[in-house]
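Coordinate analysis (summary)
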Amino acid sequence: MLAFIFDIDGTLVDSNELHVDSWDRAFRRFGKQFPREKLRAQIGKGSDQYLPEFLTPDEIDRFSKELDDYRSDLFRKEYLPKVRPFPKVRELFRRIRDDDKRIVLASSGKKEDTKYYIDLIKIDDLIEGSTSGDDADKSKPAPDIFAASLKKLGGISPADAVTVGDTRFDIEAARKTGLTTIAFLCGGTSESLLREAGAVAIYRDPADFLAHYDELIKEFIPESPHSRI
């Protein structure tokens, strides 16, 4: 195994409930109201995949772009400053790099937000780059973002990389790209749902993954013909 591809929201930073809040406020501004549990259940998708879960085709045509722009601006101004990294992210990335493995970030969010998170966590020197919803025709659970991540890694085989995410949409998108996924519980998705979606291993958060890194490498990621393990 040569590389890890990490999701960001809910995986590396504690932002999922803030996204729920911003979507709730944006929908209400446009006269729409939905139960929070339904809004929460779709978190992990980019807006291109998120909005069709709640708006009719006619509403998509009439005001989805305006709603999406409003929600993005609202999140950036009022919620982004409240986002905090989960503990031990930089230490985890340092351990991975010390193990001669590469790291790319892959988010369904906006490129500008992704850059903010990289600076917030202070991991720019430990990653080889990032992909976002702006780099793909479709966001997760479509495979485009992970396919772009593999290209950023020099087009390595999916068998030589593992994704790390917090939602079933990460797992679904990874599977469509031929990638396996390690899942974290810190984004709020239940362990049973993550297992049902196909996660090969589940940890509480980055700190828990770091604590069990060595045993995971041995148990869950078998050596491939191109692996340096």
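Here's a quick rundown of the structure. Values in this document were obtained by computation on a predicted structure and should not be read as measured data. (Residues numbered from 1 in each chain as written. Predicted model: local features only at pLDDT ≥ 70, side-chain atom pairs only at ≥ 80, totals over all residues. Heavy atoms only, no water.)

Within this structure, the stated rule accounts for 24 salt bridges. Here Glu 78 ties to Arg 25 by a salt bridge, and the two come within 2.8 Å at their closest N and O atoms. Of this pair, Glu 78 sits in helix α4 (residues 57-79) while Arg 25 sits in helix α1 (residues 16-29); the two residues are 53 residues apart in sequence, bridging distant segments of the chain. The partner of Asp 69 in a salt bridge is Lys 65, with the nearest N and O atoms 2.8 Å apart. A residue pair is termed a helical-turn pair when its members lie 3 or 4 positions apart in one helix, as Asp 69 and Lys 65 do in helix α4 at four residues. Of the residues examined, Asp 69 reaches a relative accessible area of 35% and is grouped as partly exposed. Given a relative accessible area of 60%, Lys 65 falls into the exposed group. In this structure, a network of salt bridges that share partners links the residues Glu 17, Asp 21, Arg 36 and Arg 40. (Salt bridge = Lys/Arg side-chain N within 4 Å of Asp/Glu carboxyl O. Helix = DSSP H or I, 4+ residues; strand = E, 2+ residues; numbered from the N terminus. Buried < 20%, exposed > 50% of the residue type's maximum accessible area, 1.4 Å probe, protein only.)

Here Ser 149 shows up in helix α7 (residues 144-152). Among the residues examined, Ser 149 registers a relative accessible area of 0% and is labelled buried. Ser 149 sits 37 residues away from Cys 186 along the chain, and the two C-alpha atoms are 23 Å apart. With sequence-adjacent residues up to four places away left out, Ser 149 is seen in contact with Ile 5, Val 104, Leu 105, Ala 106 and Thr 131. A polar contact of 2.9 Å, which involves the side chain of Ser 149, links it to the side chain of Thr 131. (Contact = heavy atoms within 4.5 Å. Polar contact = N/O pair within 3.5 Å; in protein donor to acceptor, adjacent residues only side chain to side chain.)

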